[in-house]
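These are the residues of each chain, in order.
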Amino acid sequence: MTTMTIACGLLCTQQPAEEKPTPILTADQAALQRANQRIKTLEGEVEALKKTKAKKPASNVVKRKKATAKLAQTYEVTAYTNDAESTGKTARDPDYGVTASGVRTKTGHTIACPPSMAFGTQLNIEGIGIRTCEDRGGAITEGHIDLYVEGVSEARSFGRQRLKAEIITK
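What counts as what
Residues numbered from 1 in each chain as written. Predicted model: local features only at pLDDT ≥ 70, side-chain atom pairs only at ≥ 80, totals over all residues. Heavy atoms only, no water. Buried < 20%, exposed > 50% of the residue type's maximum accessible area, 1.4 Å probe, protein only. Helix = DSSP H or I, 4+ residues; strand = E, 2+ residues; numbered from the N terminus. Pairing = 2+ DSSP bridges. Axes fitted to C-alpha atoms, helices over the stretch in contact; angles between N-to-C directions. Phe/Tyr/Trp six-rings, centres within 6.5 Å; stacked < 30°, edge-to-face > 60°. Lys NZ or Arg CZ within 6 Å of the ring centre and 35° of its normal.

Asks: Any chance you could break down the pairing of strand β3 (residues 122-125) for me, citing the residues and the numbers?
Replies: Successive residues of a regular strand alternate their side chains across the two faces of the sheet. Only one face of β3 is covered, namely the face carrying Leu123 and Ile125; the face carrying Gln122 and Asn124 is uncovered. Bridge count between β3 and strand β4 (residues 129-135): four bridges; the pairing is antiparallel. Each residue of the ladder has a partner; that of Ile125, found in β4, is Gly129. When β3 meets strand β6 (residues 161-169), the two strands line up antiparallel, connected through four bridges. Paired with Gln122 across the two strands is Thr169, which belongs to β6.

Have a look at this one:
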């Protein structure tokens with residue numbers, strides 16, 4: 001081969017297109033992203049509270065009856081973990097293990113509740129015990145509670161259960 005043939009061969013071969021590197025967020029950008037996510041969560045809570053307040057009855061007697069009826073009810077209860085399967089976050093994510101209320105998840109303590117329940121609301125769940133509403137979730141709607149557990153196998157074995165729960169604090 002001549003030098004010209006070798007040079008042409010080197011120049012004419014197709015090189016794979018360079019992949020664009022994934023942008024790395026600065027600490028400030030990551031914090032801003034988390035703050036925006038929390039704002040969206042809080043906006044959803046405000047909307048849910050507005051709907052709840054709009055439905056308040058005019059009579060005090062009816063209010064008491066309604067509040068009493070809501071204290072104990074049956075919920076669909078599932079379980080979740082901090083893992084990506086449940087939260088979409090990996091252990092390297094700065095918000096890994098941090099709830100929507102800003103505190104860390106705790107086994108035997110944390111539950112994710114619908115937006116109509118304020119953070120800090122405590123529920124006594126049949127067969128489970130007292131848990132505190134500290135988290136939200138995209139799939140957590142009215143009548144659904146997600147119980148925080150340590151491991152994926154524990155969450156899977158818990159499955160879906162219909163359990164009675166009583167609101168003990170608001």
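Asks: Go over the pairing of β6, please, and point to the residues and values.
Replies: For strand β1 (residues 72-80) and β6, the ladder comprises six bridges, and the chain directions are antiparallel. Paired with Thr74 across the two strands is Lys164, which belongs to β6.

Asks: Help me get a handle on the sheet that holds β6, residues and values and all.
Replies: The pairing of strands in a sheet comes from backbone hydrogen bonds and takes either a parallel or an antiparallel form. In space, the six strands of this closed barrel follow the order β1-β5-β2-β4-β3-β6, with mixed pairing throughout. For this sheet, the mean inter-axis angle between neighbouring strands, taken without regard to orientation, is 50°. Bridge count between strand β2 (residues 110-112) and strand β5 (residues 144-148): two bridges; the pairing is antiparallel. Paired with Ala112 across the two strands is Asp146, which belongs to β5.

Asks: Account for the packing of aromatic side chains, naming residues and giving values.
Replies: One pair of aromatic rings is described through two measures. These are the centre distance and the angle between the planes. Applying the stated criterion across every chain yields a total of one aromatic pair. Residues Tyr80 and Tyr148 carry aromatic rings whose centres are separated by 5.6 Å and whose planes lie at 70° to one another, so their mutual orientation is edge-to-face. One end of the pair, Tyr80, is in strand β1; the other, Tyr148, is in strand β5, with 68 residues separating them in the sequence. Like Tyr148, Tyr80 is buried. Across from the ring centre of Phe119, 4.2 Å away, lies the NZ or CZ of Arg136, which sits over that ring.

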